[in-house]
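Architecture and fold: a report
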Amino acid sequence: MRASQYFLPTLKEAPSEAEVPSHIFLVRGGFIRQLAAGLYEYLPLGLRVLKKIENIIRKHMDDAGALEVLLPILTPAELWQETGRWDVYGKELFRVEDRKGRLFALGPTHEETITDLVRKNIRSYKDLPKNFYQIQTKFRDEARPRYGLIRGREFIMKDAYSFDVSEEMAVKSYEIMKETYNKIFSELGLDYLMVEADTGAIGGKYSHEFVVKAANGEAHIVYCENCGYAANVEAAKYEFELDKLPPEEEKPLEKVHTPNVSSVEDVAKFLGVSPKKIVKTLIYILSDGTAVAVLIRGDRELNETKLINYFNVNDARLATSEELEKMGLVEGFVGPIGLDLPVYADVSVQDLHNFVVGANEKDYHYINVNIPRDFKPIEFVDFSTAREGDPCPNCKAPLKETTGLEVGHIFLLGTKYSDAMKAYFVDKDGKEKPIVMGCYGIGVSRLMAAAVEQNHDENGIIWPESIAPFKLQILALNMKDEKIKEVAENIYKKAKEKGIEVLFDDREMSAGAKFKDADLIGIPHRIVVGKGVKNNVVEYQHRAKKEKEEIPIDKVDEFLEKLR
Ligand code: ATP
Ligand code: MG
């Protein structure tokens, strides 16, 4: 491809809304443009990268025996109503009405649609297993579309759905996808982690996320360098047994005056005890309207996802000061003793002795509190957010913490959708049974951004070889110089003949501007044709490296052969 005939609208400045490297460089490099919040146009260069990502995914999905389909983006409301998700999905679902008043959703995901296809066309165990996938545009009216391709309102996803005769077989399909995803992300050249994910209140037993390590990622992960364990902080089990204080003899309960001291830090300082001895009492209002008290040790953070899953509700929030007041409680001094609410405790409180709690009275705390002598929680539950230094649930080594971008998610659904939508098959024994499902997503367009988050320097992108828009870039530094032009044209011709994907910068502009663009665009291999032609040499450089290498012109052919 000749740059003079291509479309390379590179920019010196990033748009003001671009905050992260992938957004900045993809726009500046002429890969994408924003049409409106969360909506992006893929320019020729960007589309090449996207297609490469798609093709790697497609190849491995096909190899795994998955079958590609293409489902409508417009999906009838009735399907969503069958599973209840017309309401549950809330504002994220883009809803449209046709001229007759019939309602549709722009598909944010396609469980309902594919289940409808399967229930109408699969009857017998003989037709199973099946795994259908598609690579398609999805729509989600995200509350905060941001970071360019990382969180769009329209984005490209690979979604796959497996259908099996039993849970045992579904687990096999799940394991095949797990293996396939590892192949995909490895071939994409990304540094990623496969993490155990939260399965939600209704979720299945198996859920893994694939997370690309990135400073700007929204996923919070703990992982173990010793044994390879990795999990989302909301899914990681807290090994409280290994983090317990030594046992103590119970001392008599005492109410103490703690004027204006209410935060864990202040109370600990005031009483001269470790924050591990202060127990926070949090009052939560669950989305079903009930109020509960949850206790957690002062040095731990409660994880709301764990809380929501335990109570099997859609949402939960802390009670406001007014709500506390109405319940006769004093903010900052709430405690479990004599409290007229269901009390649950995090496992960090289990076996804790002589600890401190609020006394439900302004400026007072109880010290030397002991369970079950002074109060008794309904249950001890793991509500703790995992964090750096916690013991690994697998091998007990201290965990590390990192942030990342979720680029893939696999999930064993079970019969949630097949039950709701009556997707049944007739088994060998002649009985009708629900089909057991799994679903498998990859954020195709987010991957393009994730690759840049991981592979860039201050001047631009450094594409992993497997998804680079071109493999080789030829820079002719002065197209007015006959010799330079001739040598560059010749290398370009040879590269094309060898089937190397090559971008030939034959534009009439300054050498400096060409180098700047080349760094920004990030094509891995670069041949620079400049003054050296007088001495019969050209220069080679890899985008990721500083060193340059001289290649005699008569050796270029050999060199290109190696690049192939
Ligand atoms: P997130 O927690 O980031 O919102 P999700 O759990 O909603 O993700 P899934 O429903 O599992 O995501 O979708 C499958 C994949 O699609 C995700 O792993 C992610 O890579 C990608 N994805 C989800 N939402 C977006 C978005 N708004 N823009 C771009 N990619 C997205
Ligand atoms: Mg989401």
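Residues numbered from 1 in each chain as written. Chains lettered and ligands numbered in written order. Predicted model: local features only at pLDDT ≥ 70, side-chain atom pairs only at ≥ 80, totals over all residues. Heavy atoms only, no water.

A few points about the sheet that holds strand S4 (residues 74-76)
Read from one edge of the open sheet, 3 strands run S4-S6-S5, paired in antiparallel fashion. The open sheet terminates on both sides in strands that have one partner only, identified here as S4 and strand S5 (94-97). Across the sheet, the mean angle separating the axes of adjacent strands is 40° when strand polarity is ignored. Sheet analysis places S5 next to strand S6 (residues 103-106), joined by 4 bridges and oriented antiparallel. Considered in S6, the bridge of Phe-94 is made with Leu-106. (Pairing = 2+ DSSP bridges. Helix = DSSP H or I, 4+ residues; strand = E, 2+ residues; numbered from the N terminus. Axes fitted to C-alpha atoms, helices over the stretch in contact; angles between N-to-C directions.)

Details of the packing of helix H2 (residues 44-63) against helix H6 (residues 167-187)
It is at 9 Å that the axes of H2 and H6 come closest, and there the two elements cross at 150°. Regarding the angle of H2 to H6, the classification is roughly antiparallel. Crossing of H2 over H6 shows right-handed handedness. Here H2 contributes Ile-56, Ile-57, Lys-59, His-60 and Met-61 to the contact with H6, which in turn contributes Met-177, Thr-180, Lys-183, Ile-184 and Glu-187. (Parallel < 35°, antiparallel > 145°, perpendicular 65-115°, else oblique. Left-handed = near helix turned anticlockwise from the far one by under 90°. Contact = heavy atoms within 4.5 Å.)

Looking at the domain arrangement of the protein
You can read the domains of the protein as domain 1 (43-237 + 400-453), domain 2 (241-381) and domain 3 (470-563). Measuring from the centre of the C-alpha atoms in domain 2 to the corresponding centre in domain 3 gives 67 Å. (Domains from an automatic or database assignment.)

Things to note about the sheet that holds strand S13 (residues 254-257)
Spatial strand order, S13-S19-S18: 3 strands in an open sheet with antiparallel pairing. A strand with exactly one partner marks an edge of an open sheet, and here the two such strands are S13 and strand S18 (355-358). Taken over all neighbouring pairs, the strand axes of this sheet differ in orientation by 35° on average, direction set aside. With 4 bridges joining them, S13 and strand S19 (residues 364-369) adopt antiparallel strand pairing. Along S19, the bridge assignment pairs Val-256 with His-365.

Points about the pattern of salt bridges
Scanning all chains against the criterion turns up 51 salt bridges. Asp-159 is the salt-bridge partner of Lys-138, the closest N and O atoms lying 3.1 Å from each other. Of the two residues, Lys-138 sits in strand S7 (residues 130-139) while Asp-159 sits in strand S8 (residues 154-164), which places them 21 residues apart along the sequence. Since its relative accessible area comes to 0%, Lys-138 is described here as buried. For Asp-429, the salt bridge is made with Lys-433, and the minimal N-O distance between the two is 3.2 Å. Here the salt bridges share partners, and the residues they tie into one network are Asp-243, Lys-276, Arg-297, Asp-299, Arg-300, Arg-387 and Asp-390. (Salt bridge = Lys/Arg side-chain N within 4 Å of Asp/Glu carboxyl O. Buried < 20%, exposed > 50% of the residue type's maximum accessible area, 1.4 Å probe, protein only.)

Here's the deal with helix H7 (residues 264-271)
Among the residues of H7, those classed as buried are Val-264, Val-267 and Ala-268. Angularly, the buried residues of H7 cover 100° about the axis, an arc narrow enough to put them on a single face. More than 90 degrees from the buried face of H7, the exposed residues found are Glu-265 and Lys-269. The secondary structure elements touched by the buried residues of H7 are strand S14 (279-286), S18 and S19. Gly-272 sits one or two residues past H7 and shows a positive phi near 65°. (Arc of directions from axis to C-beta.)

A look at helix H5 (residues 111-121)
The α-helix winds at 3.6 residues per turn, so residues separated by three or four positions along the chain end up facing the same way. Across the 11 residues that make up H5, a large majority, 8, are buried. When we look at burial in H5, the residues that qualify are Glu-111, Glu-112, Thr-113, Ile-114, Thr-115, Asp-116, Val-118 and Arg-119.

Points about the packing of aromatic side chains
Per the counting criterion, the structure on display carries 20 aromatic pairs. For the ring pair Trp-80 and Tyr-89, a centre distance of 5.9 Å and an interplane angle of 90° mean the geometry is edge-to-face. Taking relative accessible area as the criterion, Trp-80 reaches 0% and is therefore assigned buried. Taking the relative accessible area as the measure of exposure, Tyr-89 reaches 17% and is therefore buried. Taken together, a centroid distance of 4.9 Å and an interplanar angle of 85° make the contact between Tyr-310 and Phe-311 edge-to-face. (Phe/Tyr/Trp six-rings, centres within 6.5 Å; stacked < 30°, edge-to-face > 60°.)

What to know about the environment of Gly-38
Here Gly-38 is to be found in the loop between strand S1 (32-36) and strand S2 (39-42). Looking at Gly-38, the relative accessible area reads 5%, which means it is buried. Apart from the residues lying within four places of it in its own chain, the contact partners of Gly-38 are Pro-145, Gly-152, Arg-153 and Glu-154.

Examining the site of ligand 1
Surveying the vicinity of ligand 1 reveals 14 residues, the closest of which are Arg-140, Glu-142, Arg-151, Gly-152 and Glu-406. In this structure, Glu-142 approaches ligand 1 through a side-chain N or O atom, which is 2.8 Å from a nitrogen atom. The side chain of Glu-406 places a nitrogen or oxygen atom 2.6 Å from an oxygen atom of ligand 1. For ligand 1, whose free accessible area comes to 580 Å², the fraction covered by protein is 80%. At the level of secondary structure, the elements contributing two or more residues to the shell around ligand 1 comprise S8 and strand S21 (400-414). With 4 residues, the top contributor of residues to the shell around ligand 1 is S21. Grouping the constituent residues of the shell around ligand 1 by class yields 5 nonpolar, 4 polar and 5 charged. (Near = heavy atom within 4 Å. Polar contact = N/O pair within 3.5 Å; in protein donor to acceptor, adjacent residues only side chain to side chain. Areas by Shrake-Rupley, 256 points an atom, 1.4 Å probe, with all protein chains shown as cover. Nonpolar A, V, L, I, M, F, W, Y, C, P; charged D, E, K, R; others polar.)

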